[in-house]
Amino acid sequence: MRKTEQHRGLVGLDIGSTSVKLVELSGSPQAFALENISVVAVPEDASVAAYERAIALLLEGKELLTTRVATSVSGRKVAVRGMRFPALGKAELEGALRYEGSQVIAFDLEDSYLDHDVVESEDGKSELMDVLFVAARREIVDGKLSVLEGAGLEPRVVG
């Protein structure tokens, strides 16, 4: 695996229930080039060790331009909700999200990573705030990060 410091891109790594997929692009938003692509199957209900072996197989013989990785989490222990509030300040919004999130999310928010993004209105003048709220159980995110770091990769984006 080759790491070039000038290259600030990301390798996309999809750790799914039936396979692990890798894709690496180079170039600019106007002209991408495919540098690497791989897929390795994993058994149903695969163990952490099976995922680690699959990632090792994906990386074997590859000369990646970077070890920076973007990946995602999904499943029953991840929740994404759209919420609407009156215009609120940052601190008020944090409190409102925590309260509303605890009402609609089926797992404990204290054991979760939380994030949100305020979606701007088309005219930029709305009196209401549309917010995309995300909660992911720490065990899911931390487990995925541990597998990636164990493979010598640098997790940069978890979506």
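For clarity, every value in this text was computed on a predicted model and none was experimentally measured. (Residues numbered from 1 in each chain as written. Predicted model: local features only at pLDDT ≥ 70, side-chain atom pairs only at ≥ 80, totals over all residues. Heavy atoms only, no water.)

Caption draft 1: Main features of the side chain of Ser38. With respect to the helices and strands, Ser38 occurs in strand S3 (residues 31-41). A relative accessible area of 13% means that Ser38 is categorised as buried. Of note is the side chain of Ser38, whose polar atom sits 2.9 Å from the side chain of Lys62. (Helix = DSSP H or I, 4+ residues; strand = E, 2+ residues; numbered from the N terminus. Buried < 20%, exposed > 50% of the residue type's maximum accessible area, 1.4 Å probe, protein only. Polar contact = N/O pair within 3.5 Å; in protein donor to acceptor, adjacent residues only side chain to side chain.)

Caption draft 2: How the structure looks around the packing of aromatic side chains. Applying the stated criterion across every chain, the model contains zero aromatic pairs. It is Arg138 that lies over the ring of Tyr113; its NZ or CZ is 4.3 Å from the centre. (Phe/Tyr/Trp six-rings, centres within 6.5 Å; stacked < 30°, edge-to-face > 60°. Lys NZ or Arg CZ within 6 Å of the ring centre and 35° of its normal.)

Caption draft 3: Summary view of the sheet that holds strand S5 (residues 78-86). As summarised here, the arrangement of the three strands in space is S5-S7-S6, forming an open sheet in which the pairing is antiparallel. Here the strands that pair on one side only, and so sit at the sheet edges, are S5 and strand S6 (112-119). Direction aside, the axes of adjacent strands within the sheet are offset by 20° on average. Pairing analysis gives nine bridges linking S5 to strand S7 (residues 128-137), with the strands arranged antiparallel. Counterpart to Ala79 in the pairing with S7 is Ala135. Set on the sheet, helix H2 (residues 90-104) makes contact with S5, S6 and S7; between it and S5 the angle comes to about 130°. Against the sheet, helix H3 (residues 138-150) contacts S6 and S7, and its axis sits at roughly 65° relative to S7. (Pairing = 2+ DSSP bridges. Axes fitted to C-alpha atoms, helices over the stretch in contact; angles between N-to-C directions. Contact = heavy atoms within 4.5 Å.)

Caption draft 4: Looking closely at the sheet that holds strand S2 (residues 19-28). Strand order in the open sheet formed by five strands is S3-S2-S1-S4-S8, and the pairing between neighbours is mixed. Two strands lie at the open edges of the sheet, namely S3 and strand S8 (154-158), each paired on one side alone. The sheet shows a mean angle of 25° between the axes of neighbouring strands, direction not considered. Examined bridge by bridge, S2 and S3 share 10 bridges and lie antiparallel to one another. Bridge pairing links Gly27 to Phe32 in S3. Lying on the sheet, helix H1 (residues 48-59) is in contact with strand S1 (11-15), S2 and S3; it crosses S2 at an angle near 35°. Each of S1, strand S4 (68-71) and S8 is contacted by H3, which is oriented at about 145° to S8, the strand it contacts most.

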